[in-house]
Amino acid sequence: MPKLISSSKVHTIPKVNDFVIKFANVNGSGSASANNMFAKALFRMGIPVSPHNIFPSNIQGLPTWYEVRINEAGYLGRREGVDLMVAMNEQTIKKDIDSVVSGGFILYDSSKALANELHRDDVHYLPIPLKDICLQEFEKPAQRQLFKNIVYVGALSAFLNIDFKVLTEMVSDQFRGKEKLILPNIHALELGHQYASENFDCPLPLQLKTSDKNKSKILIDGNTAIGLGCVYGGATIGAWYPLTPSTSVVESFRKYCNRLRIDPGTGKKKFSIIQAEDELAAIGIAIGAGWNGARAFTASSGPGVSLMQEFLGLAYFSEVPVVLFNIQRVGPSTGMPTRSQQSDLLTCAYASHGDTKHILLFPATPKECFEFAADSFDLADRIQSPIIVMSDLELGMNDQICDTLNWDDKREYDRGKVLNADQLEEIEKFGRYLDSDDDGIPYRTYPGTHPSKGSYFTRGSSHDAYAAYTEDGNTYAEMMDRLTKKMITAISYLPEPEISETKNKLGMIYLGTTTSAIQETIDSLGKKGISLDTMRIRAFPFHDSVADFINSHELVYVIEQNRDAQLKSLLKIECNANESQMHSILSYNGILITATHIEADILASMPELTITESLPA
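Residues numbered from 1 in each chain as written. Predicted model: local features only at pLDDT ≥ 70, side-chain atom pairs only at ≥ 80, totals over all residues. Heavy atoms only, no water.

Peer 1: Please set out the packing of aromatic side chains residue by residue, giving values where relevant.
Peer 2: Enumeration over the complete set of coordinates arrives at 16 aromatic pairs. Taken together, a centroid distance of 5.3 Å and an interplanar angle of 70° make the contact between F23 and F38 edge-to-face. Residue F23 is found in strand β3 (residues 18-26), and its partner F38 is found in helix α1 (residues 31-44); the two are separated by 15 residues along the sequence. In this structure F23 comes out as buried when scored by relative accessible area, which is 0%. Between Y108 and Y125, the aromatic rings sit 6.2 Å apart at their centres with planes inclined by 85°, giving edge-to-face as the arrangement. Separated by 17 residues along the polypeptide, Y108 in strand β7 (residues 100-109) and Y125 in strand β8 (residues 124-128) bring together distant segments of the chain. (Phe/Tyr/Trp six-rings, centres within 6.5 Å; stacked < 30°, edge-to-face > 60°. Helix = DSSP H or I, 4+ residues; strand = E, 2+ residues; numbered from the N terminus. Buried < 20%, exposed > 50% of the residue type's maximum accessible area, 1.4 Å probe, protein only.)

Peer 1: Talk me through unusual backbone geometry; I want residue IDs and the actual numbers.
Peer 2: For the bond from C202 to P203, the omega torsion is 0°, close enough to zero to count as cis. In this structure, P245 follows T244 across a cis peptide bond, with omega equal to 5°. As for its position among the elements, P245 is in the loop between β11 (237-240) and α8 (247-260). Notably, N17 is not glycine yet its phi reads approximately 55°, a positive angle.

Peer 1: Give a detailed account of the domain arrangement of the protein, specifying residues and quantitative values.
Peer 2: Split by domain assignment, the protein resolves into domain 1 (15-207), domain 2 (220-403), domain 3 (417-472) and domain 4 (498-614). Computed over C-alpha atoms only, the centres of domain 1 and domain 4 are separated by 37 Å. Opposite the eight residues of domain 1 that make contact, domain 4 presents ten residues. Buried area between domain 1 and domain 4, summed over both chains or domains, comes out near 760 Å², and the portion from carbon and sulfur atoms is 57%. Among the residues of domain 1 in contact with domain 4, Y75, R78 and E80 are the three that bury the most area, contributing 68% of the side total. Between E520 and R69 there is a salt bridge, and its shortest N-O distance comes to 2.8 Å. Put simply, domain 1 and domain 4 have four residue pairs in polar contact (both at pLDDT 80 or more) between them. Within the side of domain 1 that touches domain 4, the residues separate by chemical class into two nonpolar, two polar and four charged. (Domains from an automatic or database assignment. Contact = heavy atoms within 4.5 Å. Buried area = accessible area lost by both parts, 1.4 Å probe. Salt bridge = Lys/Arg side-chain N within 4 Å of Asp/Glu carboxyl O. Polar contact = N/O pair within 3.5 Å; in protein donor to acceptor, adjacent residues only side chain to side chain. Nonpolar A, V, L, I, M, F, W, Y, C, P; charged D, E, K, R; others polar.)

Peer 1: Just give me the short version of empty space enclosed by the protein, but keep the residues and values in it.
Peer 2: Scanning the model with the defined rule gives four cavities of 30 Å³ or more in all. Considering the residues around the largest cavity, the lining is formed by 13 residues, among which N53, I54, E394, G590 and I591 are closest to the centre. Elements represented by at least two residues in the lining of the largest cavity include exactly β4 (49-54) and α14 (393-397). Among the elements that take part in the lining of the largest cavity, β4 stands out by supplying three residues, more than any other. Estimated volume of the second largest cavity: approximately 50 Å³. (1 Å grid on protein atoms, 1.4 Å probe; cavity = no way out; pocket = protein on both sides within 12 Å on 5 of 7 lines; lining within 4 Å. Points joined across faces, edges and corners; volume = space filled by probe spheres on them.)

Peer 1: Account for the sheet that holds strand β14 (residues 322-328), with residues named and values stated.
Peer 2: The strand order across the open sheet built from seven strands is β12-β11-β13-β14-β16-β15-β21, with neighbouring strands paired in mixed fashion. Two strands bound the open sheet, and with one partner strand each, they are β12 (272-275) and β21 (539-540). Alignment of β14 against strand β16 (residues 386-392), held across seven bridges, turns out to be parallel. Looking across to β16, one finds that F325 is bridged to V389. (Pairing = 2+ DSSP bridges.)

Peer 1: Provide a residue-level description of the layout of surface pockets, including the pertinent values.
Peer 2: Roughly 990 Å³ of internal volume is contained in the largest pocket. For the largest pocket, the lining is made up of 41 residues, of which G74, T365, T515, S516 and Q519 are closest to its centre. At the level of secondary structure, the elements contributing two or more residues to the lining of the largest pocket comprise β4, α13 (366-383), β17 (399-403), β18 (498-500), α17 (518-527) and β20 (533-537). By residue number, the principal contributor to the lining of the largest pocket is α17, which donates five residues. Split by residue class, the lining of the largest pocket holds 14 nonpolar, 17 polar and ten charged. Of the pockets and cavities examined, the second largest pocket occupies roughly 720 Å³. Lining the second largest pocket are 31 residues, with A32, N36, K40, Y66 and D399 positioned closest to its centre. Those elements that place two or more of their residues in the lining of the second largest pocket are β3, α1, β4, β5 (63-71), α5 (164-174) and β10 (217-221). For the lining of the second largest pocket, the residue count by class is twelve nonpolar, 14 polar and five charged. Each of domain 1 (15-207) and domain 2 (220-403) gives at least three residues to the lining of the second largest pocket.

Spelled out as structure tokens, the structure:
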């Protein structure tokens, strides 16, 4: 067999720690474990890596892809084009091969001949008879299917120069307590490594080199970080209804509660997780727990948030603390449940009927998922209102490299304005919705605090400062004005936007997972002589600095992942921003936006300006 099956015309530029590898598999084939092993092995080698799982919403049979970007410079957003394709799905193999860049590599199962129409003369082919190897080495059909994936990881270790010891250690860690599985998995790795080494020139021009870029870093997904943040934030109640991609938030919360919320003396659980009959019931349970003084949350996605609208309005108007984690996915309706988008901004900012406004937090990394989750319970108690943390599937379900998670053990929870029995004794008449401090935030009590004082009727209908029912229009207007003042006060407690400003005439505004592509975009445009200021929004309602940023630039690119420019709409509504000052850059195909996409749109808009106008003043 020739050492490398390719045309003599193929030219491959050698790359070290800077390429994209993509695995094309069939859902339900057991490939997820092998592909995750590959990405985590690179992380353990200290190489910056960013995996993106693209999977179908059915249980088994449809195509699934696992894309891994490797970049020593730390550009870990998605990159268009594939350098090495592991093509394991006959259904998509034509499309998969076509996505490989010229000079790239295609690893495929040569147990079956590759059709003529799948041959390209500008790429390298790496044929390995994976099925035949597994038929010869493993007796059980289930093992043959599963170990086929492990064999190609072993081959990649030879092709890319992966530290084989790291892989074997990972197998030992993964199957600790199931020792019978360790040796067969290591054997499968060895089979792939041996075949690649004996039949091809290894390593390829695409190579991996041990690095130190991951020092003090961890690899974690956003939903896991949220679940842990809920524990540290003091949550004891999680109410939910299963919905992709939010389910793992509660699963993570359960896992960490079973480790950290068990009474050491009695062994009793100090938490409660309730699976409700639907999303409306789930948030109702959380609101009831919050009213009673517990820290409670629910997690959902767009369809569930749609069902929660009425109760969100109740919590806003009756001023009950509750936290909602919205892991956004593609809509409308069922949409694409396993694809990512930032399309619930308007829905959540003004959720429910009537004049309502909610506090939104926009994490961009798993570390911020942890921090914002913990902070959200302080905010909910302090502001006495729903807090909605706006993550998405990309952040929630994909592992990302981030700084280690830290917690100050001396930190005390901010329970806000809660009156105790002694304080109630000093009050002649308790006004649940009375603005005593002129900040819009009233005082509240927990049930049972005092035998005769501090009680009130919680209602979703119009009420006065003492919680008494009223249909007097002027009194209602006074209550609504106080809620407006409360939201203005709340801004001072919210995370401020991150601004990088050097007085350029052009700027860009973005939030959440769009952040992953921004630095790469800025650096690439900088090489072309184009410089932009940046602002990452981290919370809504907006700080004054958001409007100031827009007004200080001739043109601002608003970059977001939805069709209808929802962030730009919020900026126009809340900041009175001029339409002509803002240019939308939109991506809504369900896949994480890339720097190439953003840069192309910016460059296409340049005829309206000139390059010199975008240079620093």
